[in-house]
Amino acid sequence: MGSRQEWTGDGKISGVADALAALQRVNQAAEQRGNTAALAHAVQTADQAEVTPDATQILPTDPMLLPLLPWSGGLRKGATISAVGSTSLLMLLLAGAMRDTGSWACVVGMPSFGVLAAVQDYGVPAERLAFVPDPGPDWPAVVGTLLDGIDLVAVAPPAEVPEGLARSLSSRARQRGSVLIPTRSWPGAELSIETVSRQWHGLGQGRGRLRHCTLELRSAGRGKAVRPRTATLTVPPGAGAPRPPIPPAPPRKAPPPLVI
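Presented here is an overview of the structure given in this document. Everything numeric here is computed off the predicted structure, so don't read it as measured data.

**Side note on the nonpolar core**
Leu94, Phe113, Leu152 and Ile181 are the most contacted members of the largest nonpolar core, which has 42 residues in total. Broken down by element, this core gets its largest block of residues, nine residues, from helix H3 (residues 87-98). The next biggest cluster of nonpolar side chains, apart from the first, holds 24 residues, and it includes Ala130, Val132, Ala166 and Ala173.

Below, the structure is given as structure tokens:
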């Protein structure tokens, strides 16, 4: 892997030093796409920032997830949003926020995360997705460092997270404007999206292959998110659409007559 001065971009981060190197590259990309749009609403009250963030404080999301969110248009920067019970849900969150914005994401503590599925089926940009597959006992330090410059940080904690630690990392995300996405229940999260049920489709009578999954999701949280919301969606996106019929094979030409 790379040094503190230059991250090779191969996607894997082995510790805090590599996380710092990755942030250098992210910051360079941010400078290239930076603009002054955020100055349009530079001053807001705390209630306005929490309840009605302006457009510059929103990352887009997949339209299928909008009914579950308390914010108009997407994910509020600086929020902690737990995504519990489904890797597909996590992939949808990442893909929608990254696809057209130039945003970066990092997945921490998920060595079995399906990179190929995330890229091919959900549209996650591989060139802006980094990994810390096994952060070890120092995972809070790694996550805190990544929050300093990565737009979205998804983390699978090895165990239940103490409330003090959870609130400290959420505060770091809020200060830096990054979206923290834990895959476990997280004390103090602004929003929790949980998988209520799932049903796979595609298998017939002892044959076939799994093609898509129907997820029933429920969200609830604090503030505007206190009212529970539900949604049923099919993943991967577009997988449940009817397949076009197979065109009939062209008629075979009759063989020429046999001449003896």
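There's more to say after this.
**Considerations on the pairing of strand E4 (residues 105-108)**
Side chains Ala105 and Val107 of E4 all project onto a buried face; the interleaved residues Cys106 and Val108 project onto the opposite face, where all are buried too. Sheet topology note: the E4/strand E5 (residues 129-132) ladder contains four bridges and is parallel. If you follow Val108 over to E5, its bridge partner there is Val132. Handedness of the crossover is the feature at issue here: the chain leaves E4, passes through helix H4 (residues 115-120), returns alongside E5, and the resulting connection is right-handed. Strand direction decides the pairing type here: E4 and strand E6 (residues 152-155), joined by four bridges, are parallel. Note that in E6 the partner of Cys106 across the bridge is Val153.

**Remarks on unusual backbone geometry**
The linkage connecting Val235 with the following residue, Pro236, adopts the cis geometry, with an omega of -5°. Residue placement: Pro236 occurs in the segment after strand E10 (229-235).

**A few points about the side chain of Asp62**
Here Asp62 lies in the loop between strand E1 (58-60) and strand E2 (74-76). From its side chain, Asp62 meets the backbone nitrogen of Met64 in a polar contact 2.9 Å long. Among all residues touching Asp62, those that are not within four sequence positions of it are Leu92, Gly96 and Pro237.

**Focus on the sheet that holds E5**
Taken in spatial order, the four strands of this open sheet run E5-E4-E6-E7, and their pairing is parallel. Strands with a single pairing partner mark the edges of an open sheet, and in this sheet they are E5 and strand E7 (179-182). Sheet twist, expressed as the average angle between the axes of neighbouring strands with direction ignored, equals 15°. Across four bridges, the pairing between E6 and E7 is parallel. Bridge pairing in E7 links Val155 to Pro182. Along the sheet, H3 makes contact with E4, E5, E6 and E7, crossing E6 at roughly 170°.

**Looking at H3**
Each α-helix winds once per 3.6 residues, and so residues spaced three or four apart point in a common direction. Over its 12 residues, H3 extends 16 Å from the first C-alpha to the last, a length consistent with the 16 Å expected when each residue adds 1.5 Å. Buried within H3 we find Ser88, Leu89, Leu90, Met91, Leu92, Leu93, Leu94, Ala95, Gly96, Ala97 and Met98. The residue sitting at the N-terminus of H3 and contributing the capping side-chain oxygen is Ser86; that oxygen lies 3.2 Å from the backbone nitrogen of Ser88.

Conventions we followed
Residues numbered from 1 in each chain as written. Predicted model: local features only at pLDDT ≥ 70, side-chain atom pairs only at ≥ 80, totals over all residues. Heavy atoms only, no water. Core = buried A, V, L, I, M, F, W, Y, C linked by side-chain atoms within 4.5 Å. Buried < 20%, exposed > 50% of the residue type's maximum accessible area, 1.4 Å probe, protein only. Helix = DSSP H or I, 4+ residues; strand = E, 2+ residues; numbered from the N terminus. Pairing = 2+ DSSP bridges. Right-handed = clockwise from strand over helix to strand, strands pointing away. Polar contact = N/O pair within 3.5 Å; in protein donor to acceptor, adjacent residues only side chain to side chain. Contact = heavy atoms within 4.5 Å. Axes fitted to C-alpha atoms, helices over the stretch in contact; angles between N-to-C directions. Expected span 1.5 Å × (residues − 1).

Note that every value here comes from positions in space, so none of it alone points to a role or purpose.
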